[in-house]
Amino acid sequence: MRTVIYPGSFDPLTNGHLDVVQRAAKLFDRVIVAVAKNEGKRPLFSLAERRALVTQAVKHLPNVTADTFDGLLVEYVASKNAQAIVRGLRAVSDFEFEFQLALMNRKLDENIETLFMMPKDTYTFLSSRIVKEIARLGGDVRSFVPPHVQTALLKKLKPKK
Ligand code: ADP
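Definitions and limits used
In this convention, every chain numbers its residues from 1, walking through the sequence in written order. The predicted origin of the model limits local features to residues at a pLDDT of at least 70 and limits the giving and counting of side-chain atom pairs to 80 or more, whereas totals for whole chains, interfaces and linings rest on all residues. Only heavy atoms go into the side-chain values, all of them from the structure, while hydrogens and water stay out. Helix and strand definitions here come from DSSP, where helices need a minimum of 4 consecutive H or I residues and strands a minimum of 2 consecutive E residues; each element is numbered from the N-terminal end. The globule rule used for comparison is 2.2 Å times the number of residues to the exponent 0.38, while the radius of gyration itself is calculated over C-alpha atoms. Three labels apply to residues, based on accessible area from a 1.4 Å probe with only protein chains included: buried if under 20% of the type maximum, exposed if over 50%, partly exposed otherwise in between. The contact criterion used is simple: two residues touch if any of their non-hydrogen atoms lie within 4.5 Å. The Shrake-Rupley method, run with a 1.4 Å probe sphere, supplies the accessible areas, and residue values consider only the shown protein chains as cover. We count Lys and Arg on the positive side and Asp and Glu on the negative side, and we leave His and both chain ends out. All charge positions are set by atom: Lys at NZ, Arg at CZ, Asp at CG, Glu at CD. One heavy atom suffices: a residue is near a molecule or strand as soon as one of its heavy atoms comes within 4 Å of it. Whenever two N or O atoms come within 3.5 Å, that pair is a polar contact, provided that in protein one can donate a hydrogen and the other can accept it, and provided that, for residues adjacent in sequence, both atoms are side-chain atoms. Lining residues are defined by having an atom within 4 Å of a point belonging to a cavity or pocket. Those points lie on a 1 Å grid over the protein atoms alone, cavities being sets where a 1.4 Å probe fits but cannot get out and pockets being open sets with protein on both sides within 12 Å along at least five of seven lines. Any molecule with more than half of its atoms within 2 Å of a cavity's or pocket's grid points is counted as sitting in it. Amino acids outside the nonpolar list (Ala, Val, Leu, Ile, Met, Phe, Trp, Tyr, Cys, Pro) and the charged list (Asp, Glu, Lys, Arg) are all regarded as polar, and Gly is one of them. Pairing between two strands requires that DSSP report at least two bridges joining them. Classification remark: right-handed applies to a crossover when, strands pointing away from the viewer, the course from the first strand over the helix to the second runs clockwise. Every angle, taken between N-to-C directions, lies between 0 and 180 degrees, and every axis is a line fitted to C-alpha atoms, over only the stretch in contact when it is a helix.

Novice: Quick question: what am I supposed to make of the overall build of the protein chain here?
Specialist: Counting its secondary structure elements, the protein chain contains six helices and five strands. Shown N-terminal to C-terminal, the secondary structure of the protein chain runs as helices and strands in the order β-α-β-α-β-α-β-α-β-α-α. For a compact globule of 161 residues, the expected C-alpha radius of gyration is about 15 Å, and the protein chain comes in at 16 Å, within 12% of that figure. For the C-alpha atoms alone, the extent of the protein chain along its principal axes is close to 50 × 30 × 30 Å. Classification of the 161 residues of the protein chain by burial places 45% in the buried group. Across the protein chain, contacts joining residues at least 24 apart in sequence account for 75% of those joining residues at least 6 apart. Just so you have it, the protein chain exposes about 9500 Å², and 55% of that area is on carbon and sulfur atoms. Within the protein chain, one finds 25 positive and 17 negative side-chain charges whose respective centroids are separated by 8 Å.

Encoded structure:
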């Protein structure tokens with residue numbers, strides 16, 4: 001059983017994330033999308049909300065599940081008996097940080113491999129941060145996120161009376 005972990009903040013999940021998930025699902029028996037607690041990043045959505053948005057987005061993919069984790073990624077990967085970590089690479093700007101992270105994770109546990117996948121070119125400009133910014137300013141995010149994520153964003157950002 002080949003299992004890969006796709007870790008991230010997913011605050012919220014975008015079509016770019018989903019593209020990586022779908023590619024990984026073709027290569028591995030099992031994909032676990034692992035939502036990191038990441039309190040330090042002050043996420044817009046709670047951990048439970050981010051996980052629920054992922055769960056709904058992957059429900060059509062039989063070998064993909066959503067989970068949450070806190071603490072060291074390599075320890076989480078080992079606890080799931082997974083062999084690899086997958087990360088998305090959008091542009092050269094992602095490379096330096098991802099390279100450092102991958103090598104650090106290898107230092108911590110050399111049995112775990114990190115793989116990088118490039119999303120479809122139309123998603124290379126997409127990030128959760130930009131999607132939140134556009135939604136906050138009242139822009140249309142329909143083509144960037146699944147419909148249920150758009151609904152959640154509108155609800156979350158609705159001005160409080
Ligand atoms: P993190 O806070 O860990 O970077 P993100 O949720 O922002 O978490 O991203 C998780 C992973 O998904 C990272 O590997 C990131 O590079 C990748 N990713 C983010 N947006 C996209 C996208 N549009 N296309 C492909 N990969 C992406």
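Novice: Sorry if this is basic, but what is going on with the site of the ligand here?
Specialist: For the ligand, the set of nearby residues contains 16 residues, the closest of which are Tyr6, Ser9, Phe10, Lys41 and Gly88. In this structure, an oxygen atom belonging to the ligand sits 2.3 Å away from a side-chain N or O atom of lysine 41. Protein chains shield 91% of the accessible area of the ligand, which is 540 Å² for the free molecule. Judged by the fraction of its atoms near the pocket grid, the ligand is located in the largest pocket. Mapped by element, the contributors of at least two residues to the shell around the ligand are strand 1 (3-8), helix 1 (15-27) and strand 4 (84-88). In the shell around the ligand, the residues fall into seven nonpolar, five polar and four charged.

Novice: Is there a simple way to think about the pairing of strand 2 (residues 30-36) in this case?
Specialist: The side chains of a regular strand alternate between the sheet's two faces. Most of strand 2 sits inside the fold, with six of its seven residues counted as buried. Both strand 1 and strand 2 contribute to a ladder of six bridges, which runs parallel. Pairing of threonine 3 across the sheet is with arginine 30, part of strand 2. What joins strand 1 to strand 2 is helix 1, and the crossover it makes is right-handed. Across six bridges, strand 2 lies against strand 3 (residues 64-69) in parallel orientation. The residue of strand 3 that forms the bridge with alanine 36 is phenylalanine 69.

Novice: So what exactly am I meant to see when it comes to the sheet that holds strand 3 here?
Specialist: Hydrogen bonding along the main chain pairs the strands of a sheet, whether they run parallel or antiparallel. Read across the sheet, five strands follow the order 3-2-1-4-5 without closing on themselves; strand pairing throughout is parallel. Each end of this open sheet is capped by a strand with a single partner; those strands are strand 3 and strand 5 (113-117). Here the average twist between neighbouring strands, direction ignored, is 30°. Pairing between strand 1 and strand 4: two bridges, direction parallel. Within the sheet, the bridge partner assigned to valine 4 lies in strand 4 and is alanine 84. Sheet contacts for helix 2 (residues 47-57): strand 2 and strand 3; angle to strand 2, the most-contacted strand, approximately 155°. Against the sheet, helix 4 (residues 92-108) touches strand 4 and strand 5, its axis set at about 170° to strand 4.

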